[in-house]
Each structure stands twice: as structure tokens, then as C-alpha cells.
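# Structural overview for review
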Amino acid sequence: FDGLAGIKRVEISIIKHDISDYYWTGSSWTLNETWKVVTGTETWTYLGASWGDQKYHTIVVRAKDNSIPENYEVPGDSLTFIYDVTEPDSGVTVPVESNLSSLTTISGTASDAFGVTGVEVSIRNTTDGKEWDTGGTSTWTVTDETLWHTANWFSEYGVWYIIAPSFEDDKTYLIRTRAIDTATN
């Protein structure tokens, strides 16, 4: 804030950190440092950057005042963040076989470039249209909904597990997983 001369405009430089640093021109990325004028001065907004997925970005801010000659603020405030819209991967590793007589634990793996915060599991009895429901009683419920259950997640190893429910003989079951990454994808 410039209390004497007032703020004429605010500019930002958006940097995408890749093999090299790239600067947003307003329509594409370039190797040359670029500053874009934002809307507003004390409170401002900027729309229109094309973020690089799974890349670090930095936004640097500077202001220009109304004095003669005009003065640019030495860029100071900045924010660095990761833009990530890629969903994490997850899968089942146990059971391996498709015809089982017993199963006590279901387990698998999950991964993401920037980290997984948890894994959820859904088990459906496709023969009868029932979902495993852990809502206090651990029963099978007839529903069209997918009921997700939090698995035990070990981030340092990239593995998860749950205690298997009681299965009925001669039924077909579908086990689904979904991982949640640090960007909540």
C-alpha cells in the first residue's frame, strides 16, 4: 500500500517450474520474464492462466505507484504451490485368485506423484445387489449406492489393507478402490 502517491496498478508474474522456469504471457508460456496487470489494486484478481498439471508454480506480486516518476515495488510477496488435477492410482493386490474359500484381509497399493493421504474401499455383492455396510453393524445392504470405507493406509510403504467382511458362498463380489491425494483428487 502506497499511502502518499497511491497505487496505479498491480502486476503478477506467474512462473511454471519445469525443466526450466516458464513465464505466463497471458496466452502461452515463455522463457522470458513476463508481468501481467491484474484487476484491482488493494484487492486484486487475475483469471486466465493455463496451469501445468503436476507442476510447481510461483506467483510473484509487485505494485506500481502514481508518483512521477513512477516507482515499482521490489517484488516481495510470492506464493508457490503445486497444481495437480491428475487422480492417484490404487488397486487390489490381495486377493489374487478369483475363486476363494476364505479371505480374512484385503490389501493393495496406492500412489501419486505428490502423495496419497488415504484409500477407500467398496465391496459389492453383485449377485444380490448388496454393498458392504460398516455403519456400526458390518452388514450387507441392498442399495444402488457405492458405500466407501476407509482403509488402513501406510503412506511410507504405499500399501493399504482392510479386514475382510463375511462373504456368502456361491456369490460374486466386486472390490473397488479409490485413493485420495494431497490435492484431494
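The following refers to the structure shown. Each chain has its residues counted from 1, running along the sequence as written. Where local features are concerned, this predicted model is filtered to residues with pLDDT of at least 70; where side-chain atom pairs are given and counted, the filter is 80 or more; whole-chain, interface and lining totals use all residues. With hydrogens and water stripped out, all remaining heavy atoms of the structure feed into the side-chain values.

### Digging into the layout of surface pockets
Both site types are read off a 1 Å grid over the protein atoms alone. A 1.4 Å probe that fits but cannot get out defines a cavity, while an open set with protein on both sides within 12 Å along at least five of seven lines defines a pocket; lining residues have an atom within 4 Å of a point. Grid points are joined across faces, edges and corners, and a volume is the space filled by probe spheres set on the points. Computed from the structure, the largest pocket encloses a volume of approximately 510 Å³. Together, 16 residues line the largest pocket, and Ser98, Leu100, Phe167, Lys171 and Tyr173 are the ones closest to its centre. Residues are grouped as follows: nonpolar covers Ala, Val, Leu, Ile, Met, Phe, Trp, Tyr, Cys and Pro; charged covers Asp, Glu, Lys and Arg; every other residue, Gly included, is treated as polar. Partitioned by chemical class, the residues of the lining of the largest pocket number six nonpolar, five polar and five charged.

### A closer look at the nonpolar core
Core analysis: the largest hydrophobic core is formed by 15 residues, its most contacted members being Ile106, Val119, Ile123, Trp160 and Ile162. Only DSSP runs of H or I reaching four residues or more are called helices, and only runs of E reaching two or more are called strands; each is numbered from the N terminus. The set of elements that each furnish at least two residues to this core consists of β8 (105–111), β9 (116–125) and β14 (159–163). Of the residues forming this core, the biggest block, four residues, is contributed by β9. We define the nonpolar core as a collection of buried residues of types Ala, Val, Leu, Ile, Met, Phe, Trp, Tyr and Cys that are connected through side-chain atoms lying within 4.5 Å of one another. Residue exposure (1.4 Å probe, protein chains only): buried if accessible area is under 20% of the type maximum, exposed if over 50%, otherwise partly exposed.

### Thoughts on the pattern of salt bridges
What counts as a salt bridge is simple: a side-chain nitrogen of Lys or Arg found within 4 Å of a carboxyl oxygen of Asp or Glu. Scanning the model with the defined rule gives nine salt bridges in all. Linking Lys8 and Glu70 is a salt bridge whose minimum nitrogen-to-oxygen distance equals 2.4 Å. Linking Lys8 in strand β1 (residues 7–17) with Glu70 in the loop between β5 (55–65) and β6 (78–83), this pair joins segments that are 62 residues apart in sequence. Here Asp18 makes a salt bridge to Lys55, at a shortest N to O gap of 3.5 Å. Taken together, the residues Asp18 in the loop between β1 and β2 (21–24) and Lys55 in strand β5 connect sequence positions 37 residues apart. With a relative accessible area of 25%, Lys55 lands in the partly exposed category. Linked through salt bridges whose partners overlap, the residues forming this network are Lys8, Lys64 and Glu70.

### Re a nonpolar patch on the surface
Residues forming no salt bridge and having over 30% relative accessible area are the ones grouped into patches, like charges within 9 Å of each other and nonpolar side chains (Val, Leu, Ile, Met, Phe, Trp, Tyr) within 5 Å. Only the protein chains shown count as cover for residues, with accessible areas throughout obtained via the Shrake-Rupley method and a probe of 1.4 Å. Together, Phe154, Tyr157 and Val159 line one region of the surface with nonpolar side chains, adding up to about 300 Å² of accessible area. If you trace the backbone, Tyr157 turns up in the loop between β13 (152–154) and β14.

### Comments concerning the packing of aromatic side chains
For this analysis, a ring pair means two rings from Phe, Tyr or Trp (six-membered ring only for Trp) whose centres lie within 6.5 Å, classed as stacked if their planes differ by under 30 degrees, edge-to-face if by over 60, and tilted for the remaining angles. Enumeration over the complete set of coordinates arrives at eight aromatic pairs. On the basis of an interplanar angle of 50° and a centroid distance of 5.3 Å, the ring pair of Trp140 and Tyr173 is categorised as tilted. Of this pair, Trp140 sits in strand β11 (residues 139–142) while Tyr173 sits in strand β15 (residues 173–181), and the two are 33 residues apart along the sequence. Relative accessible area serves as the criterion here: at 18%, Trp140 is assigned to the buried category. The lysine or arginine in question, Arg62, covers the ring of Trp35, its NZ or CZ lying 4.0 Å from the ring centre. Whether a charge sits over a ring depends on NZ of Lys or CZ of Arg being within 6 Å of the ring centre and within 35 degrees of the ring normal. Its end group placed over the ring of Tyr72, Arg62 keeps NZ or CZ at 4.1 Å from the ring centre.

### A closer look at the sheet that holds β8
Reading across from one edge, β7-β8-β14-β13 is the order of the four strands in this open sheet, with antiparallel pairing throughout. Only two strands of the sheet have a single partner each, and these edge strands are β7 (89–94) and β13. Averaged over all neighbouring strand pairs, the angle between strand axes comes to 25°, with direction disregarded. Pairing between strands is defined by DSSP: at least two bridges between them are needed. With three bridges joining them, β13 and β14 adopt antiparallel strand pairing. Considered in β14, the bridge of Asn152 is made with Tyr161. Angular values range over 0 to 180 degrees, each being the angle between N-to-C directions of two axes fitted as lines to C-alpha atoms, with helices fitted over their stretch in contact.

### Things to note about the environment of Leu79
Within the fold, Leu79 resides in strand β6. Sequence spacing of Leu79 and Thr58 is 21 residues, and the spatial spacing of their C-alpha atoms is 5.4 Å. The residues contacting Leu79, other than those within four sequence positions of it, are His57, Thr58 and Ile59. Should any heavy atoms of two residues lie within 4.5 Å, those residues are counted as being in contact.

### So, unusual backbone geometry
A cis geometry characterises the amide bond from Ile68 onward to Pro69, with omega recorded as -5°. Looking at the element boundaries, Pro69 is found in the loop between β5 and β6. In the Ramachandran plot, Gln54 falls in the positive-phi region, its phi being about 60° despite a non-glycine side chain. Relative to the helices and strands, Gln54 resides in the loop between β4 (36–37) and β5.

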